[in-house]
There are 2 protein chains.
Amino acid sequence: MLEKILELLEARKFASIREILNDANEVDIAALFEELPEEYALRVFRLLPKEVAADVFSYMSNDIRQNIIEAITDQELSGIIDELFLDDTVDLIEEMPATVVKKVLANTDSKKRALINRFLQYKEDSAGSIMTIEFVDLKKEMTVRQAFEYIRRTGVDKETIYTCFVTNKSRTLEGVVTVKDLLLSDDDEIIENIMDTNIIYVSTDDDKEVVAKIFDKYSFLSLPVVDKEKRLVGIVTFDDAIDVIQDENTEDFEKMAAIIPSDEPYLKTSPFKHARHRLPWLLLLMISATFTGAIITSFQEKFMSVAGAALVAFIPMLMDTGGNCGSQTSTLTIRGMSLGQIQGRDVLKVWWQEISVAVMTGAVLAIVNIVRIYLLNGRNILLALTVSLSLYATVIIAQSVGCLLPIGAKKIGLDPAVTASPLITTIVDACALSIYFVIAKIILPL
Amino acid sequence: MLEKILELLEARKFASIREILNDANEVDIAALFEELPEEYALRVFRLLPKEVAADVFSYMSNDIRQNIIEAITDQELSGIIDELFLDDTVDLIEEMPATVVKKVLANTDSKKRALINRFLQYKEDSAGSIMTIEFVDLKKEMTVRQAFEYIRRTGVDKETIYTCFVTNKSRTLEGVVTVKDLLLSDDDEIIENIMDTNIIYVSTDDDKEVVAKIFDKYSFLSLPVVDKEKRLVGIVTFDDAIDVIQDENTEDFEKMAAIIPSDEPYLKTSPFKHARHRLPWLLLLMISATFTGAIITSFQEKFMSVAGAALVAFIPMLMDTGGNCGSQTSTLTIRGMSLGQIQGRDVLKVWWQEISVAVMTGAVLAIVNIVRIYLLNGRNILLALTVSLSLYATVIIAQSVGCLLPIGAKKIGLDPAVTASPLITTIVDACALSIYFVIAKIILPL
């Protein structure tokens, strides 16, 4: 699409551009702006119909949005803000620099400004901060026909109309009815008779992780959000839920790689910020690896022989294999917990499972290792035995630590993902080396 | 819910159980069966109304489903199969042992059996294998009123009615219209005038990863699936898409931890299968760590001095820090690629970003290290310099390998996630040690 548009821009064939844009999906138009040279952005943006412009705007990256806000007139801006859903407006305000926010607020009507202010008070990452207030609310006394009339009259401004919420006079949630239920019912049926009163909802203070879990578990189109007085204040729609699910996954990926999570896309984050998010764990883990070094030194002093020197060559293999086993186990455990497949009460089941797996994998690794060392290291069977026994023990310990640490972390209220691979690696390294030297002392003539 | 139900079972108050079940969500009822003692399962299952039973059934785990199928009568089973959506029936058949499949097929009518056979021919993990055939298809000549009549007449059997697909006589897809469009249009409007002809669709052969990416990018309720002749054969609904997105994430987690991916939940996988999925990479990485060992040995022979022995103590710190930097970078790169934030053409941008980050993090780590070694290792400034310079170089190499390897893998058609942490760790280890010994040879009086 980009090349075609650039060509038409050169030829000043704006009507043809408008035609192409009319046929394209809003997400794709927004992606187009990321590639478009800055000098053309405004011109193309002005070719979009007003409703489409607001939609495209909500999918753009922050830099592009900032450029456009700074370039357009107040009147154009207030047209866009009018069309934007409230949750998208709030996102915009949270992400723009102060001067831009000022221009946005100056072009927002006072009623919407009041709503925005209320929104900004919700905790970051809470259900309140990601919900939208544009939902269809019905009364239980309505007939199906009246409900349809109401939806037809007001539905154009609602983000999703397919799940309708039934509230009483004090705005308390009483039931849920889907458009499918309405369509399949008689026109004179009363809403109360067809609504579902078993309602799953979240509170504005709940973490968005809770929201993600509910969408993952139940196949909802939207999830009601209530305030402390159980009044319906908003809904989270499934498309926002997919974003939340992906954010939560990204967070887990980052934590498991010893990175402090960030909301920004990789290339939009400054190197300085990247460094700040990675350094704390790197420093902590570097210091903790010193203990492993200290273990080596203390044993070196005792093993200043040829046999002792031979032991050193197997340290990387032992440490790496232990680390790999630990991170395999911790990854499966943490993922299982975040998908709800593993609960705290399963700890012994999981541990038993991991011990069983370790007995099998450890045996194969140890046998391959014995053969390899025996053949390649001068048929030194004692050395082969020492290394392989240590390897076996390391695998069992690594897989135990790999499952017990994340489950234990969750039990005492810590985030399991944070305890993952790197921290486990450090613990497993220290254990592996200690075992190695103890077994060497017993078996080898040092 | 479980305790209450058990109590009522003891008291034989089946009517009260039915009442509780009537109010509960199908997902929660299915979860109840996972906890319920086997002897009660059948009795409780029989208390469910037929439509609910089929829904609950589709959310159950395989063991429970198998027990129930084996226990119920043919007539009951054929009632459930009648109510099940076709994609759920196909899943069931794919996951049950042969004897159970036989009983299921014997109780399926011949029309549905023919459809199932067609489904079973779609490649595993293809769009065809996850689609459902229950969708609403309209004709462009219909009026809105006729469309609603059609939906009301047929909609009860369709998995989602909110996106309707407009097809011509040869079943080719011509347009899409949502129930919202229909509701907000005049009753006499012709479908052709309100349908959207810019349709995003997938083919039955496309991988489910493609499906996941489209749902992640566009906020669709359902996505049409066409065959080779561009005829509409099914749809993927958003709830299945969330499952696919989560499956793809789990696959990435597993690959990045050097595990061969599996579809089964953690606790439902046998230890033997777990071992089979983890051993290949463990073996490969164990063998490759031998090279690191060989490097140590070859340098040991040259450094048989006290200073040389002191160097060994810092090997774990160097290897671990390099590994951590590499896995931080590779995780961010792989995640960025799978979210579409990083493209192949961004390779130099990403590399430059990582070098910038490495220059900063490396400097901090190196300085902390110089101070620490100088203070704790007998004010040996040359040793401190050797270790810290090597550390700095290792960080830069680790972050370069961490981003270049996954992007390169993708360019030549390999899976970036497979090249992740453990493989990178092995490469970085070898580089770190070589640099370490080269720098030591230059700086230290050995």
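Attention here is on the structure that accompanies the text. (Residues numbered from 1 in each chain as written. Chains lettered and ligands numbered in written order. Predicted model: local features only at pLDDT ≥ 70, side-chain atom pairs only at ≥ 80, totals over all residues.)

## Description of the overall build of chain A
In terms of regular secondary structure, chain A is built from 22 helices and six strands. Overall size of chain A, expressed as C-alpha extent along the three principal axes, is 90 × 60 × 35 Å. Within chain A, buried positions represent 41% of all 446 residues. Counting only contacts in chain A whose residues sit at least 6 apart along the sequence, the fraction spanning at least 24 positions is 69%. (Helix = DSSP H or I, 4+ residues; strand = E, 2+ residues; numbered from the N terminus. Buried ≥ 20, exposed ≤ 12 C-beta atoms within 10 Å, placed from the backbone. Contact = placed C-beta atoms within 7 Å.)

## Examining the nonpolar core
As a rule of thumb, soluble globular proteins bury nonpolar side chains together. Of all hydrophobic cores here, the largest spans 85 residues; its most connected members are L318, V428 and A432 of chain A together with L318, V395, V428 and A432 of chain B. Per-element tally for this core: the top contributor is helix α21 (residues 381–411) of chain B, with twelve residues. Setting aside its immediate chain neighbours within four residues, A432 of chain A contacts L318, M319, G322, S390 and T394 of chain A. If you look at the next biggest cluster of nonpolar residues, it comprises 76 residues, including I191 and A241 of chain A together with A147 and A212 of chain B. (Core = buried A, V, L, I, M, F, W, Y, C linked by C-beta atoms within 7 Å.)

## Some remarks on the sheet that holds strand β5 (residues 222–226) of chain A
Residue and element names in this part refer to chain A. Reading across the sheet, the three strands line up as β4-β5-β6 and stay open at both edges, with mixed pairing between neighbours. Looking along the sheet, the strands with just one partner apiece sit at the ends: β4 (202–203) and β6 (232–237). One ladder, built from five bridges, connects β5 with β6; its direction is antiparallel. Following the sheet pairing, S222 is matched in β6 by T237. Against the sheet, helix α16 (residues 238–256) makes contact with β5 and β6, and its axis sits at roughly 65° relative to β6, the strand it touches most. (Pairing = 2+ DSSP bridges. Axes fitted to C-alpha atoms, helices over the stretch in contact; angles between N-to-C directions.)

## Re the packing of helix α20 (residues 347–376) of chain B against α21 of chain B
Residue and element names in this part refer to chain B. Where α20 contacts α21, the two axes come as close as 8 Å, and the packing angle between them is 160°. By the angle between their axes, α20 is roughly antiparallel relative to α21. Crossing handedness for the pair α20 and α21: right-handed. Along the lines of polarity and charge, the residues of the contact of α20 with α21 split into 23 nonpolar, seven polar and one charged. (Parallel < 35°, antiparallel > 145°, perpendicular 65-115°, else oblique. Left-handed = near helix turned anticlockwise from the far one by under 90°. Nonpolar A, V, L, I, M, F, W, Y, C, P; charged D, E, K, R; others polar.)

## Some details on the interface of chain A and chain B
Taken together, the contact between chain A and chain B spans 88 residues of the former and 88 residues of the latter. Per element, the largest residue contribution to the side of chain A that touches chain B is 17 residues, and it comes from helix α17 (residues 271–302) of chain A. Its residues assigned to classes, the side of chain A that touches chain B shows 50 nonpolar, 25 polar and 13 charged.

## Brief notes about the pairing of strand β2 (residues 163–167) of chain B
Residues and elements named next belong to chain B. Within β2, four of the five residues are buried, leaving the element largely enclosed by the surrounding structure. Sheet topology places strand β1 (residues 137–138) next to β2; two bridges connect them, and they run parallel. Residue pairing across strands places L138 opposite V166, the latter belonging to β2. Read as a crossover between parallel neighbours, the route from β1 over helix α12 (residues 144–154) to β2 is right-handed. When β2 meets strand β3 (residues 173–178), the two strands line up antiparallel, connected through five bridges. For T163, the partnering residue across the bridge sits in β3 and is T178. Where β2 hands over to β3, the hairpin turn is made up of five residues, of which R171 adopts a positive phi near 65°. (Right-handed = clockwise from strand over helix to strand, strands pointing away.)

## Re the relation of the copies chain A and chain B
Mapping chain A onto chain B leaves a residual RMSD of 0.1 Å; the transformation is a rotation of 180° accompanied by 0.0 Å of translation along its axis. Between the two chains, the operation in question is that of a two-fold axis. Here 100% of the interface residues in chain A have copies in chain B that are interface residues too; the copies meet face to matching face. (Least-squares fit on C-alpha atoms with pLDDT ≥ 70 in both.)

## Quick word on the sheet that holds strand β3 (residues 173–178) of chain A
Ordered by their spatial adjacency, three strands build an open sheet running β1-β2-β3 (chain A), and the pairing between neighbours is mixed. Every interior strand has two partners, whereas the edge strands, β1 (137–138) and β3 of chain A, have only one.

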